[in-house]
Amino acid sequence: MTEAAAEPSRAHRPGAGRPERAVAAAARRIPRLPTPVWDSLLPALLLLNAATTPAPREPVLTVALTAALALPLLWRRRAPLAVFGAVVAAALVQWLLDIQLLADIAVLVALYTLAAHSARRTALAAGAVVEAGVLLACLRWAPDGAFLTPFVAVTAMTAAAAVLGMNVRTTRAYLAAVEERAAHLEREQEQQARLAVAEERARITREMHDIVTHNLSVMVALADAAGYARQRSPDRADAAMRQISETGRQALTDMRRSLGVLRADEPDAERHPLPGIAQLDALAEQMSAAGLPTGLEVEGGHDHLPATAQLTVYRLVQEALTNALKHTPAGTRATVRIRCSAGTVTVDVADTGPRPLASAAPSGHGIPGMRERAAAYGGTLRAGPLPGGGWGVRTRLLLDSAGAVSA
């Protein structure tokens, strides 16, 4: 599997983030007037009305008070609290001068803006201030005997302005949270995709290491044996050369399968299943032909084991035997014991050959790769000298481990 094959991991949460993205996209598609035009529209209309409508008295003062009420609305988005204070102050002056103006609607607009941009407590306090002004205005300007009707009507408009502003603030906060969540989900999905690609690269690296190291070691050992036997036993030399050819073809097949590039027109024989416990007999014969006599013991049935678990067992044994072939002298023997049960598989590989002291400290990718494979099934791999001599590799795989991943 390549990077392209890791793409399905992005769908690990089907439909994740779709409603949030739809809401955010719908909000962005709503047509809006430019903010300066929208903010200047109401003040311009109020000033135009004050300038063109005959005033019962003090026309200049009427226009001035209208300007004091309307012009601060131009800055209502940038400084809602200051604009609210300026508009309320102008309304108080208007009340003191006993002049009724249509521009009093600016107080409701300022209240709405403050509620839309401030905390709920601030909005409630501003609403209380406006309600006090409503009470004073109705006490002064309401017709005799008709106080209740205008008071209730204006109070309802004040409450509507405050509630609408708070709802707009809540909606704006929700949309911001939705956009943030959508962005977070996209980042999380990208991270998951990168992790999947990195995991796949690590898997391919382990596979390539095991395949190349094992098969090259066997081919080198067989080539050396063929060279020694060429003069004394041509038949054995020919057999060794045929084994080299077969090992090379097997290595190419394993590499194609691990890289996921098998074509549909390739022969069926090359597209056999992943190696497992059933193929350990052939592996033991191959190692014996390469100069490392290997005995194999398998206890318990293995047909129920998952293919990935069997591949892990095969690769662990293959790597351990390859290390034995490379680091031990002639005459060394190896023993492989596999014990299968319902929930575990125990792998035990031991050889009789001494190892150089330098090999006591694992180097390269062999033993770390085996540890990674074992850890994928909750196992801890032990590799080191045996008390009676030789070298051993032992681990137990937990088939029901929650941490099991692709081998």
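Residues numbered from 1 in each chain as written. Predicted model: local features only at pLDDT ≥ 70, side-chain atom pairs only at ≥ 80, totals over all residues. Heavy atoms only, no water.

**Overview of the overall build of the protein chain**
Part 1 of the reasoning: What the protein chain contains, in helices and strands, is 11 helices and 5 strands.
Part 2 of the reasoning: By the burial criterion, 38% of the 407 residues in the protein chain qualify as buried.
Part 3 of the reasoning: Expressed as a percentage of contacts within the protein chain between residues at least 6 apart in sequence, the contacts between residues at least 24 apart total 72%. (Helix = DSSP H or I, 4+ residues; strand = E, 2+ residues; numbered from the N terminus. Buried < 20%, exposed > 50% of the residue type's maximum accessible area, 1.4 Å probe, protein only. Contact = heavy atoms within 4.5 Å.)

**Some remarks on the confidence of the model for the protein chain**
Part 1 of the reasoning: Averaged over the protein chain, the pLDDT score is 78; the fraction of residues at 70 or greater is 80%.
Part 2 of the reasoning: Taken element by element, the protein chain is modelled with least confidence in helix 1 (residues 18-29), mean pLDDT 56, and with most confidence in strand 2 (residues 334-340), mean pLDDT 93.
Part 3 of the reasoning: Between residues 1-17, whose pLDDT stays under 50, and residues either more than four places distant or in other chains, the model counts 27 contacts.
Part 4 of the reasoning: For residues 358-362, every residue scores under 50 in pLDDT, and the model assigns this stretch 3 contacts once sequence neighbours within four places are set aside. (pLDDT = per-residue confidence, 0-100.)

**As for the pairing of strand 2**
Part 1 of the reasoning: Burial along strand 2 is one-sided: the face carrying Ala334, Val336, Ile338 and Cys340 is buried and the face carrying Thr335, Arg337 and Arg339 is not.
Part 2 of the reasoning: Relative to strand 2, strand 1 (residues 294-299) is paired through 6 bridges, and the arrangement is parallel. Counterpart to glutamate 299 in the pairing with strand 2 is arginine 339.
Part 3 of the reasoning: The pairing of strand 2 with strand 3 (residues 344-351) spans 7 bridges and is antiparallel. If you follow cysteine 340 over to strand 3, its bridge partner there is valine 345.
Part 4 of the reasoning: Turn length for the strand 2-strand 3 hairpin, with the two strands adjacent in sequence and antiparallel, is 3 residues. (Pairing = 2+ DSSP bridges.)

**Side note on the packing of aromatic side chains**
Part 1 of the reasoning: With the rule as written, the count across this model stands at 1 aromatic pair.
Part 2 of the reasoning: Considering the side-chain rings of phenylalanine 147 and phenylalanine 151, the 5.3 Å spacing of their centres and the 15° angle between planes classify their relative orientation as stacked.
Part 3 of the reasoning: The exposure class of phenylalanine 147 is partly exposed, given its relative accessible area of 30%.
Part 4 of the reasoning: Geometry around tryptophan 95 places arginine 140 over its ring, the cationic atom sitting 4.1 Å from the centre. (Phe/Tyr/Trp six-rings, centres within 6.5 Å; stacked < 30°, edge-to-face > 60°. Lys NZ or Arg CZ within 6 Å of the ring centre and 35° of its normal.)

**Notes on the side chain of threonine 158**
Part 1 of the reasoning: Relative to the elements of secondary structure, threonine 158 occurs in helix 7 (residues 148-232).
Part 2 of the reasoning: Take threonine 158: its relative accessible area is 4%, and that puts it in the buried class.
Part 3 of the reasoning: Other than its neighbours up to four places away in sequence, threonine 158 contacts Leu108, Leu111, Gly127, Val130, Glu131 and Val134.

**Observations regarding the pattern of salt bridges**
Part 1 of the reasoning: Enumeration over the complete set of coordinates arrives at 2 salt bridges.
Part 2 of the reasoning: The shortest N-O distance in the salt bridge between arginine 337 and glutamate 297 comes to 3.5 Å. Here arginine 337 is found in strand 2, whereas its partner glutamate 297 is found in strand 1, with 40 residues between them in sequence.
Part 3 of the reasoning: Residue class for arginine 337 comes out partly exposed when judged on its relative accessible area of 32%.
Part 4 of the reasoning: Accessibility expressed as a relative area gives 36% for glutamate 297, which makes it partly exposed.
Part 5 of the reasoning: Note that aspartate 348 and arginine 394 form a salt bridge whose closest N and O atoms lie 3.1 Å from each other. With aspartate 348 in strand 3 and arginine 394 in strand 5 (residues 391-398), this residue pair connects regions lying 46 residues apart in the sequence. (Salt bridge = Lys/Arg side-chain N within 4 Å of Asp/Glu carboxyl O.)

**Considering unusual backbone geometry**
Part 1 of the reasoning: The residue aspartate 98 is not glycine, and still its phi comes out positive at about 60°.
Part 2 of the reasoning: Tracing the backbone shows aspartate 98 in the loop between helix 4 (80-97) and helix 5 (105-117).

**Remarks on the sheet that holds strand 5**
Part 1 of the reasoning: Spatial strand order, 1-2-3-5-4: 5 strands in an open sheet with mixed pairing. Edge positions in the open sheet fall to strand 1 and strand 4 (382-385), since each of these has one partner strand only. Geometrically, the sheet is characterised by an average inter-axis angle of 10° between neighbouring strands, direction not taken into account.
Part 2 of the reasoning: Across 4 bridges, strand 4 lies against strand 5 in antiparallel orientation. Bridging across to strand 5, glycine 384 finds its partner in glycine 392.
Part 3 of the reasoning: Running over the sheet, helix 10 (residues 307-327) touches strand 1, strand 2, strand 3 and strand 5 and is turned about 10° from strand 3. (Axes fitted to C-alpha atoms, helices over the stretch in contact; angles between N-to-C directions.)

**What to know about the environment of aspartate 98**
Part 1 of the reasoning: Look at aspartate 98 and you get partly exposed, because its relative accessible area is 37%.
Part 2 of the reasoning: Taking the C-alpha atoms as reference points, aspartate 98 and tryptophan 141, 43 residues apart in sequence, are found 8.6 Å from one another.

**With respect to the nonpolar core**
Part 1 of the reasoning: Ranked by internal contacts, the top residues of the largest apolar core, which has 37 residues, are Leu280, Val313, Val317, Leu321, Ile338 and Val345.
Part 2 of the reasoning: Put simply, the parts of the chain that give this core at least two residues each are helix 7, helix 9 (280-289), helix 10, strand 2, strand 3, helix 11 (366-375) and strand 5.
Part 3 of the reasoning: The leading source of residues in this core is helix 10, at 9 residues.
Part 4 of the reasoning: Excluding its chain neighbours within four sequence positions, the residues that come into contact with isoleucine 338 are Ile277, Leu280, Glu297, Val298, Glu299, Val313, Val317, Val345, Thr346 and Val347.
Part 5 of the reasoning: The next biggest cluster of nonpolar side chains, apart from the first, holds 27 residues, and it includes Leu46, Leu65, Phe84 and Ala90. (Core = buried A, V, L, I, M, F, W, Y, C linked by side-chain atoms within 4.5 Å.)

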